[in-house]
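Overview (structure and organization)
Read off the chains here:
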Amino acid sequence: MVEPRPFAALQIGERFCLPSRTVTDANFAAFQSVSGDNHPIHYDIEYCRAQGHPGLLAHGLQVLCFTAAGAGLFPHVIGEALLGFLAQSSKFHKPVYAGDTLYPELVIAALTPQRTTGIVTVTSSVHNQRGELVLSGEQTYLVRLAT
């Protein structure tokens, strides 16, 4: 897909757009089944309306899943130097409903060399079709300095 680059060739500010996706009721049902999250905000339309929502809300973790680095070029750029996914954090800013189209992106925010490894920190964001930020966060990866 792309030529892998060593840690030293990565640059702060590099952007990795992930595929956009339109979330559907089927996605909601599948995620509910996998997660076991049975809160009515995700499957009971009347409950949602009583809470002031026009439709079912996506699970927060479902929205987070759209930031999976493996969906884009980032892990291919790092290649075999990738040792592990260390951590992630996220903040949910706006609700996501069925029919929303989500646009995820990762941006290299920090490169921290160590003795034989390095930490790559990326910010993650997801915007909806109206350009509204629905999720922001951070992910860290451990990579070899030399492959």
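Residues numbered from 1 in each chain as written. Predicted model: local features only at pLDDT ≥ 70, side-chain atom pairs only at ≥ 80, totals over all residues. Heavy atoms only, no water.

Side note on the pattern of salt bridges
Heads up, the condition is: Salt-bridge detection follows one rule: a side-chain nitrogen of Lys or Arg within 4 Å of a carboxyl oxygen of Asp or Glu. A helix here means a DSSP run of H or I that spans at least four residues, while a strand means a run of E at least two residues long, and both kinds are numbered starting from the N terminus. Type-normalised accessible area, obtained with a 1.4 Å probe on protein chains alone, sets the label of each residue: buried when under 20%, exposed when over 50%, and partly exposed for intermediate values.
Taken as a whole and assessed by the stated rule, the structure comprises 5 salt bridges. Between Glu105 and Arg15 there is a salt bridge, with the nearest N and O atoms lying 3.2 Å from each other. Of this pair, Glu105 sits in strand 4 (residues 101–113) while Arg15 sits in strand 1 (residues 15–17), placing them 90 residues apart in sequence. The class for Glu105 is buried, based on a relative accessible area of 17%. The residue Asp100 makes a salt bridge to Arg130 at a minimum N-O spacing of 4.0 Å. Taken together, the positions of Asp100 in the loop between strand 3 (82–92) and strand 4 and Arg130 in the loop between strand 5 (117–128) and strand 6 (133–144) put the pair 30 residues apart, joining distant regions of the chain. Asp100 sits in the buried class, given a relative accessible area of 5%. Three or more residues are tied together by salt bridges with common partners; here these are Asp100, Arg130 and Glu132.

Details of the environment of Leu106
In plain terms, the rule: Contact between two residues is taken to exist if any of their heavy atoms lie within 4.5 Å; hydrogens are not considered.
Inspection of the secondary structure puts Leu106 in strand 4. Spatially, the C-alpha atoms of Leu106 and Val77 are 13 Å apart, while their sequence positions differ by 29 residues. When residues no more than four places from it in sequence are discounted, the contact partners of Leu106 are Glu14, Arg15, Phe16, Leu18, Thr67, Ala69, Val122, Thr123, Ser124 and Gln139.

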